[in-house]
Structures are given as structure tokens and as C-alpha cells.
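Topology and contacts: notes
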Amino acid sequence: MRLLATGRALRATSSRWSIASSSRTLRMRIPPTHISQPLILHRRPWSSTATLRTHDQQPGIRASAAKEPLLIEDKTYPVDQWTNTPETILSHVGRRLYLDENHPLSITRKLIESQFPGPVYGNYHEPNPVVPTAQNFDVLGFPPDHPGRSRTDTYYINEKTVLRTHTSAHQQAYFQQLNRNEISRPEEVGYTVVADVYRRDAIDRSHYPVFHQMEGAMLWKRPDTEPLQHSQATATKITDDLARIPTHDVPVEDPNPTIHPERNPLQAQHHSQAEVEAVAAHLKRSLERMVIKIFTEASKAAAAANGSDAPTEPLKVRWVEAYFPFTSPSWELEVFWQGDWLEILGCGVIKQELLINSDVPNRIGWAFGLGLERIAMLLFNIPDIRLFWSRDERFLSQFRAGHITRFEPFSKHPACYKDVAFWLPSATANAAGGIVPVHENDIMEIVRGVAGDLVEDVRLIDEFTHPKSGKKSMCYRINYRSLERTLTNEETNDLHDQVRDKLVNLLGVQLR
Ligand code: FA5
Ligand code: MG
């Protein structure tokens, strides 16, 4: 086993899976009719692990064209200048792919739920993705300037309502439910919950603006009074539960201490080190077992598909330190898969303030959140995240409830690459002309709005600053490729022309 130092700074694996990418700031001048407030623009897929940035979180970019209230699953929501959710995104609400029993996301959900069974865990799902900002952010302790709150990263229905960006939006409700059910269902001390989540994000084969998460949590009772004085007894109780989880022999890299005073602190006001060591050990073993189960099934399917019993590459797993506003200490679990470290989940010891505010002040526990698509892509060897939304029988007919099989690509249609290069307005226009920095997610949103699922990925291939004028040029390469048919030249030219027009009209760039 090779031990790696895993501080966040060392995690910049250039994995196609990695959601930590280098940040890039674009400054563009936006016609004031389209954009009301400045925003700093960063190329950074949203993650609640992101470090804090202080920037203007005012409503910005452009207000939605929609003036009518939005109708989402029989309910109407008023719109305002925060609204930025397009119809193309809303059309995904209500598919409930995770309930479609022969769908790979549902098969994956069931496999994971089988590792968190009743009566200890209740297995739930949350069909309505529309949640108050309070539930998605405030209750969980997101600071007011957290980048996840930005309109560049999150789909707002209106100022006080968003499409949830993570299943953690339901943590408080499930903790309250555990409290309500304490008498009627005393064995149920944990839960899992599955739901669709929404993020404005990059475009590539592992990112889609709608994906699915599963969240899980487990709580233990502590004495109502002076819990810290009795913390050794609580730790012993948790350690007894830990002993009931079978051990495994997969090597796990876990070089960091459970608690680090700066990077991963103990909630010293509430917890003792012994309690947190016990909770962390229970959390880690529970999640390692789940991951081992998943990857054992994936390896079996791979071996069956290859027609041999030849052992596949041994599983390697590692824990790295992380940050979430609602857990401390926190970690992410990564798996070595096809030559790269792949982040599959985030987790940690739940912030005691959250438990206090959720009717369970006298409990301590852990929580995790994982991406279902990431796991399903590995389980079934599905190469493109868009496929999960396919209604093509050639995709759907390959999966059957309870079976893990290797996906057989039914065709690979030709890629059609088209570049778009443009000048950003000169920086000297800043003071007078109202320079507005624009998020790269706005470029992605324009491409998605025009081409939808006909675009496979969008990459920045060139950027430079003119040595004399100081003007900045960007060049993006868009790969148009349908999963289901060959696109005609005319069709892609037409799509690309629309993208170019919108970049000019909405972002005010000058095409080259
Ligand atoms: C969260 O969303 C936290 N709510 C997780 C959590 C829950 C932490 C409870 C602590 C306690 P994060 O943004 O890292 O964290 O996303 C969690 C997982 O969702 C990732 O590990 C990854 O598996 C998946 N994920 C995140 N972004 C994407 C994306 N754009 N596409 C596909 N999967 C994604
Ligand atoms: Mg993460």
C-alpha cells in the first residue's frame, strides 16, 4: 500500500472526474440592459467544499425573460429578478429516474440502500426539488458569501426559492422526523434519502446540470445534561456498534489524524475527542463497506463481460480531509479507478448547532452525501452522463432490476467540433463602462440553452491577452455529438450560429 500525503493542495489530480478545477476569472463588459450587478466570474464547478470567496452576491447576470409565474409539478411560483431557471432544466423535474426499477440509477440506489438497511436506517426519497434558500443554505450554516449561493452556480426560482443543489437540504427535516418517531420507531436511528439535484455547471461527459445524490446519516443518544462529562460512555456505546460492522481487508489510505486543529477541527464546545474518534471510525467503516460492495459488483460484471475470471485491478480507496459548512471534521472518499482518483462522496461529524436546531440536541452523529451517477457510471461502464436521461430503447433495454451488467455502446456517432473565439471588452472600459465579470457557467448555459443534449462538451482551448491593446481573447471548442443519431452539417452550423449570436447579444463579446 502506498501512502500519499493528501492535504487539499496535493489533490489536484487532473482527473476527468475531478470536480476541483483551476479557477479562472473572466472579466467581460455586459450591456447594462442585460446585466444589473457585477459578479466575479470563476471557472469552478460548484462544490460545497469550495473555499470561501468574498464577492458580490447581489442578484446579477441577467434576469429571466420569464414574467409569468413558473409552474412546477402543479404548483406555481412567482418569479423575480433572481429567477434564472430555464424551461430546459424544469423539463427534467418529475422524471424520478431513481424509481424506475430497470433504470441504472434505480438499480444503483437499491444496491447502496441494501448497505443501509432497516430497521436501523429508513430508506426515503424526496420528489420535490423546489426548496427555500433557508433549507438549502441557511439552516446548514452556509455563510452569506458562500459561492454556492451565487446565481452563477445555483438555479433560483426566485429570491427565496431554489432548485436544491444537494440532498443535505433535507437533513433538518429528517433529524426532526427521527425525533418525532422516537417512540413509534425507536430502532430507526438513521436514514438514507435519494433525490434529483440541480447545479449550473461545466459541460462534459461527467457533468450534467441535473444529477442525483443519496444522503445518509446516523445518530446516537447522549445524556440530556452534561453530555461532555459522560462522553466516554457515549464513545464506548458507539465503539460497540462499530464492532458489529464486519471488518474488511481492502487497503485504505488514511494518513491524516481524525482531528486537525486548523484543517479539520473538533467541535470542542460540544464533543470530546473520544466521541469524535468513535463516530469517525463508525462512519468510515460503514462507507468503506458500501464502496467495497459496489466495486466488487462492478468487477464481477467486468469479469463476466470479458468472459474470464481473471482478477481485475485491486480496489484502492483513500480518505482526504474536506470542508462542509454543516460537518466538522469532514472528509471525502476517493476511489482509484482506471488510473485516477475519483471523488465519490463527502461526509463528516454533523455540526451540533444543526442538531440543536433540528429537535435532536441530545444526539451526536455522522452524515454523508454521494453522487449516484458517478457510482452508476462505474458500476455499469456508462461513458456519458447524458445517457441517464435517454429514452432510447437501445439504452434502456440493457438494464434489469437487480442485475449489474456492462453497458454495450450501441453506436458512436461522429463528433463535430466547432470553435468560437471572441474578444472580451478592454479592461480600460472598466470604470466608465461598467465592466461586469461573467461566470463561465453563463457561457455553458448559453450553449446548453441552444444545443441541449446535442452537445457533449465545451472546453476553453485558448486564451491570450494582446500585448499592446491589453484586450483578452478566449476560444472555446464545442463538441456537438448526439448520442442517438448523426447530426447533419447544416444542423450543427445552425446551432453554432445561434450560440455565436447569443454570446454577442447576451454577454456582449466581440466575435473574432
Ligand atoms: C455535497 O453536496 C454535500 N452535501 C455532501 C455532504 C453530505 C457532506 C452530508 C457532508 C455531509 P459535494 O458538492 O462534494 O458535497 O457533492 C457530493 C458528491 O456529489 C460528490 O462527491 C460527487 O460524487 C457528486 N457530485 C458533485 N458534483 C457533481 C456533478 N457535477 N456531477 C455528478 N456528480 C457530482
Ligand atoms: Mg466534493
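My aim in this report is to walk through the structure given alongside it, one point at a time. (Residues numbered from 1 in each chain as written. Chains lettered and ligands numbered in written order. Predicted model: local features only at pLDDT ≥ 70, side-chain atom pairs only at ≥ 80, totals over all residues.)

**Thoughts on the overall build of the protein**
Each helix and strand counted, the protein has 12 helices and 19 strands in total. Contacts spanning at least 24 positions in sequence make up 72% of the contacts within the protein whose residues lie at least 6 apart. (Helix = DSSP H or I, 4+ residues; strand = E, 2+ residues; numbered from the N terminus. Contact = placed C-beta atoms within 7 Å.)

**Focus: helix α4 (residues 171–180)**
Along α4, the residues classified as buried are Gln171, Gln172, Tyr174, Phe175 and Leu178. Down the axis of α4, the buried side of the element spans an arc of 165°, and every buried residue falls inside it. In this structure, the buried side of α4 is in contact with β8 (190–198), β9 (210–221), α7 (352–356) and β14 (363–371). (Buried ≥ 20, exposed ≤ 12 C-beta atoms within 10 Å, placed from the backbone. Arc of directions from axis to C-beta.)

**Some points on the site of ligand 1**
Neighbouring residues of ligand 1: 28 residues in total, closest His166, Ser168, Gly346, Gly369 and Gly371. Breaking the shell around ligand 1 down by element, the ones donating at least two residues are β9, β13 (340–350), β14 and α8 (372–380). With six residues, β13 is the largest single contributor of residues to the shell around ligand 1. Partitioning the shell around ligand 1 into residue classes produces 10 nonpolar, 12 polar and six charged. (Near = placed C-beta within 6 Å. Nonpolar A, V, L, I, M, F, W, Y, C, P; charged D, E, K, R; others polar.)

**Quick word on helix α2 (residues 104–113)**
Counted residue by residue, α2 has seven buried out of 10 residues, so it is predominantly covered. The complete set of buried residues in α2 reads Pro104, Leu105, Ser106, Ile107, Thr108, Arg109 and Ile112. Buried residues along α2 sit against β8, β9, α6 (273–306) and α8.

**Focus: the packing of helix α5 (residues 231–243) against α6**
Across the interface, α5 lies against α6 with an axial gap of 8 Å and an inter-helix angle of 15°. On the basis of the axis angle, α5 is roughly parallel to α6. Once α5 is placed against α6, the crossing between them reads as left-handed. From α5, Ser231, Gln232, Thr234, Ala235, Ile238, Thr239, Asp241 and Leu242 reach across to α6, where they touch Ala274, Glu275, Ala278, Val279, Ala281, His282 and Arg285. The class makeup of the residues in the contact of α5 with α6 is seven nonpolar, five polar and three charged. (Axes fitted to C-alpha atoms, helices over the stretch in contact; angles between N-to-C directions. Parallel < 35°, antiparallel > 145°, perpendicular 65-115°, else oblique. Left-handed = near helix turned anticlockwise from the far one by under 90°.)

**Let's talk about the packing of helix α11 (residues 440–451) against helix α12 (residues 489–507)**
Close contact between α11 and α12 brings their axes to 9 Å; oriented N to C, the two are set at 140°. Our classification of the angle between α11 and α12 gives oblique. The two elements α11 and α12 meet at a crossing, and its hand is right-handed. Contacts between α11 and α12 involve Asp442, Ile446, Val447, Val450 and Ala451 on the former and, on the latter, Leu495, Gln498, Val499, Lys502, Leu503, Leu506 and Leu507.

**A closer look at the sheet that holds strand β6 (residues 156–158)**
An order of β5-β7-β6 is seen for the three strands of this open sheet, with the pairing classed as antiparallel. For this open sheet the edge positions go to β5 (130–132) and β6, each flanked by a neighbour on one side alone. Sheet twist, expressed as the mean angle between neighbouring strand axes with direction ignored, is 35°. Across three bridges, the pairing between β5 and strand β7 (residues 161–163) is antiparallel. Across the sheet, the residue bridging to valine 131 is valine 162, located in β7. (Pairing = 2+ DSSP bridges.)

**Digging into the nonpolar core**
By size, the foremost hydrophobic cluster in this structure holds 86 residues, and its most contacted members are Val279 and Trp366. Looking at which element gives the most residues to this core, the answer is α6, with 11 residues. Listed in part, the 24 residues of the second largest apolar core include Ala202, Val458, Leu495 and Val509. (Core = buried A, V, L, I, M, F, W, Y, C linked by C-beta atoms within 7 Å.)

**Let's talk about the environment of tryptophan 337**
Summarising the element assignment, tryptophan 337 is placed in strand β12 (residues 327–337). Residue classification places tryptophan 337 among the partly exposed positions, given that 19 C-beta atoms sit within 10 Å. In this structure the C-alpha to C-alpha distance between tryptophan 337 and leucine 315, which are 22 residues apart in sequence, comes to 7.8 Å. If sequence neighbours within four positions are ignored, tryptophan 337 has contacts with Leu342 and Leu378.

The values are spatial; any link to function lies outside them.
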